[in-house]
Amino acid sequence: MAEERINAEQVQHVAGLAKLEFTADELGTFTGQLEKIIGMFEELSAVDTTDVPATMRLDDDTNRLGQANMRPDKAVKSDEALRQALLKNAPETANGLIKVPAIIDESGDGE
Amino acid sequence: MNYFDQDLTSLHADLVAKKISAVDLAKATFENLRAVDPQLGAFLNLNEEAVLKQAADIDAKGIDPDKLMAGIPVAVKDNIMTKDLTTTAASKMLEHFVPVYDATVVEKMRANDAVIIGKNNMDEFAMGGSTENSAFKVTRNPWDVSRVPGGSSGGSAVAVASGQVPVAFGSDTGGSIRQPASFNGVVGMKPTYGRVSRWGLIAFGSSLDQIGPLTRSVKDNAAALNMIAGYDQHDGTSSKQTVPDFTAGLDGNVKGMKIALPKEYMDKGIDPKVREVIENAVKQFEALGATVEEVSLPHSRYGVAAYYIIASSEASSNLQRFDGIRYGFRAEDVKNLEDVYVRSRSEGFGDEVKRRIMLGTFSLSAGYYDAYFHKAGQVRTLIINDFKKVFEDYDLILGPVAPTPAFKIGDEISDPITMYMNDVLTIPVNLAGLPGMSVPAGFADGLPVGLQLIGKPFDESTLYKAGYAFEQATDVHKQTPEVGGAN
């Protein structure tokens, strides 16, 4: 693993992937903290994991992913009251639909 | 009224005998809550109007003698969805979010006529171990209000410990039921992964999360788990294993039980006063006829690193849904769609949530996936195998829940690694999907210390049996805290 675990430029890059942004101050704090935490992650490199399979989820005999455990895929009828309740949680609505800002940038700054 | 002198059995008897009505019980609960909770901050929002109506309906049809929970006031952590009742996960992101459906566990509570008094404060999105990461309020430990209640189910633990409700429901991804149970002197159960449906639990680490009960006694805890356990077609990871009656077999008899004490759980990183409480618990179990022997869980020390990779990776994926479009917080004055995503997330999430999203995104990103995420999954396998080996020879594992009792508010919040290390003894249990329970075991300088019991998959019954025997042999659970208790 690299000498320098993570720098501010990489933190910026990861923030971009995660759809987050940081001020210059925050970037400094986060870079320092992430550096330390990732350093802690590197303890794992001391563990011999040759031929050890990775566990990504837990299941037992009764809930192993597969047809047997899947509920039938069928449409459930909704109603107007539910639609209204859902729309109440939307930040902005118009004509019974969820409103979002223009997808094409209208700021004119070319970004 | 407070709930120090009653348990579910006696409350149920009073309700069935009409010594008290469900409405009177609900009213008395709110009255006590209004006197006690301003000092503690266990609740984020209350459900008073709907509760009084529900309680009146329950009284009108009569308390069903077969429904132990009928008319019983309960509290629910605010990351568990309650239809028509604001559910925030203690995040600015969901400050005004009103679910359109109930979590399966909440459906079960309603079907059993349990009365949901309100929603408990927590660390934002269940990320933290002190409840200090709540976007809305500070929750204080009733045994010493200058100290944290633990977390992330801090509000739920405090609501029970201070006698505001007899039962609360929390969630545990890395210790979030057991650690606050330990810090507050209550019983907290993290069931086997798959035992309880996660449908309607706001997802954090989907391969780790479980909902479980917090109560003042072991028997009440078993009864509360009876209510929420079982397969659910809405959660493909819920198990079809038979659900036993968890209150059966609570007879105080642990003769011949084989208990393992991992040496890694009693090493120098554990506060000597905590260690002393656990050593006394070991003697207690031996006096009751159980055998306790030292074992090793050699990979448990790598649990924290593996966990913070896995849980953060799962969180970074789960939390992608918060984009400011369909629900939740949307930033003001945004000029395009990218802006909606970035600014809403940056302004809506707190620092700890951002840290986890960043750690997870990093661990899953090109060039780092194998070294971090995959490696953590391999170490997880080794941790699971350590437990399997011990359970070939033993019925359960015993140790502390947390390395220390409750710490001071403000002491650790600026140091993420110190905070993460508080979970060192609880995390391996989540990684392996095992049941784990905290039972009040004693005090260190007046602060509660919990005993952790860890069981084989789907063997919560043995934990309850052992926990009950220990509880009945001591008077630890009879102590009451400074706020809400004593007088």
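The structure presented is a predicted model; accordingly, all values stated were derived computationally and were not measured.

Conventions and cut-offs
Residues numbered from 1 in each chain as written. Chains lettered and ligands numbered in written order. Predicted model: local features only at pLDDT ≥ 70, side-chain atom pairs only at ≥ 80, totals over all residues. Heavy atoms only, no water. Contact = heavy atoms within 4.5 Å. Salt bridge = Lys/Arg side-chain N within 4 Å of Asp/Glu carboxyl O. Polar contact = N/O pair within 3.5 Å; in protein donor to acceptor, adjacent residues only side chain to side chain. Helix = DSSP H or I, 4+ residues; strand = E, 2+ residues; numbered from the N terminus. Nonpolar A, V, L, I, M, F, W, Y, C, P; charged D, E, K, R; others polar. Pairing = 2+ DSSP bridges. Axes fitted to C-alpha atoms, helices over the stretch in contact; angles between N-to-C directions. Core = buried A, V, L, I, M, F, W, Y, C linked by side-chain atoms within 4.5 Å. Buried < 20%, exposed > 50% of the residue type's maximum accessible area, 1.4 Å probe, protein only. Parallel < 35°, antiparallel > 145°, perpendicular 65-115°, else oblique. Phe/Tyr/Trp six-rings, centres within 6.5 Å; stacked < 30°, edge-to-face > 60°. Lys NZ or Arg CZ within 6 Å of the ring centre and 35° of its normal.

## Observations concerning the interface of chain B and chain A
Reasoning step 1: The interface of chain B with chain A comprises 77 residues on the first partner and 57 residues on the second.
Reasoning step 2: Our enumeration of links across chain B and chain A arrives at two salt bridges.
Reasoning step 3: Taken together, the connections running from chain B to chain A amount to 18 residue pairs in polar contact (both at pLDDT 80 or more).
Reasoning step 4: A total of 13 residues in the side of chain B that touches chain A trace back to one element, the largest contributor, which is helix α12 (residues 370-393) of chain B.
Reasoning step 5: Taken together, the residues of the side of chain B that touches chain A sort by class into 39 nonpolar, 24 polar and 14 charged.

## Quick word on the sheet that holds strand β5 (residues 187-190) of chain B
Residue and element names in this part refer to chain B.
Reasoning step 1: Ordered in space as β1-β3-β2-β4-β6-β5-β10-β11-β9-β7-β8, the 11 strands form an open sheet in which the pairing is mixed. The sheet is open, and its two edges are formed by β1 (43-46) and β8 (291-295), each paired on a single side. In this sheet, neighbouring strand axes are inclined to one another by 30 degrees on average, regardless of whether the strands run parallel or antiparallel.
Reasoning step 2: Examined bridge by bridge, β1 and strand β3 (residues 115-120) share three bridges and lie antiparallel to one another. Counterpart to Asn45 in the pairing with β3 is Lys119.
Reasoning step 3: The strands touched by helix α2 (residues 22-40) within the sheet are β1, β2 (73-77) and β3, with β1 carrying the most contacts at an inclination of about 140 degrees.
Reasoning step 4: Where helix α5 (residues 154-161) meets the sheet, its contacts fall on β1, β2, β3, β4 (167-172) and β6 (210-215), and the angle it forms with β4 comes to roughly 155 degrees.

## Observations concerning the nonpolar core
Within soluble globular proteins, side chains that are nonpolar generally end up buried alongside one another.
Residue and element names in this part refer to chain B.
Reasoning step 1: Membership of the largest hydrophobic core comes to 171 residues, with the highest contact counts inside it found for Met109, Phe125, Phe285, Phe387 and Leu453.
Reasoning step 2: The element contributing the most residues to this core is α12, with 10 residues.
Reasoning step 3: Counting six residues, the second largest nonpolar core, distinct from the first, contains Phe183, Ala402, Ala406 and Phe407.

## Digging into the packing of α2(B) against helix α3 (residues 48-61) of chain B
All names here are of chain B.
Reasoning step 1: It is at 7 Å that the axes of α2 and α3 come closest, and there the two elements cross at 155 degrees. Of the possible angle classes, the one that applies to α2 and α3 is roughly antiparallel. On the side of α2, the interface is formed by Ala22, Val23, Ala26, Lys27, Phe30 and Arg34, while α3 contributes Glu48, Val51, Leu52, Ala55, Ala56, Ile58 and Asp59.
Reasoning step 2: Across the contact of α2 with α3, the residue classes tally to nine nonpolar, no polar and four charged.

## Digging into the packing of aromatic side chains
Residues and elements named next belong to chain B.
Reasoning step 1: One pass over the structure, following the stated rule, counts 18 aromatic pairs over all chains.
Reasoning step 2: When the centroid spacing of 5.0 Å and the interplanar angle of 55 degrees are considered together, the rings of Phe125 and Phe322 count as tilted. Taken together, the positions of Phe125 in the loop between β3 and α5 and Phe322 in the loop between α9 (303-318) and α10 (337-348) put the pair 197 residues apart, joining distant regions of the chain.
Reasoning step 3: For Phe322, a relative accessible area of 4% corresponds to the buried category.
Reasoning step 4: Ring centres of Phe285 and Phe470 lie 5.5 Å apart, and the angle between their planes is 20 degrees; on these two criteria the pair is classed as stacked. With Phe285 in helix α8 (residues 272-287) and Phe470 in helix α15 (residues 460-473), the pair connects residues that are 185 residues apart, well separated along the chain. In this pair, the class of Phe285 matches that of Phe470, namely buried.
Reasoning step 5: Cluster of aromatic residues (ring-pair linked, three or more members): Phe97, Phe125, Phe322, Tyr327 and Phe349.
Reasoning step 6: Directly above the aromatic system of Tyr231 lies the positively charged group of Lys240, at a separation of 5.0 Å from the ring centroid.
Reasoning step 7: For Lys258, the ring lying beneath its charged end belongs to Tyr394, and the centroid distance is 5.4 Å.

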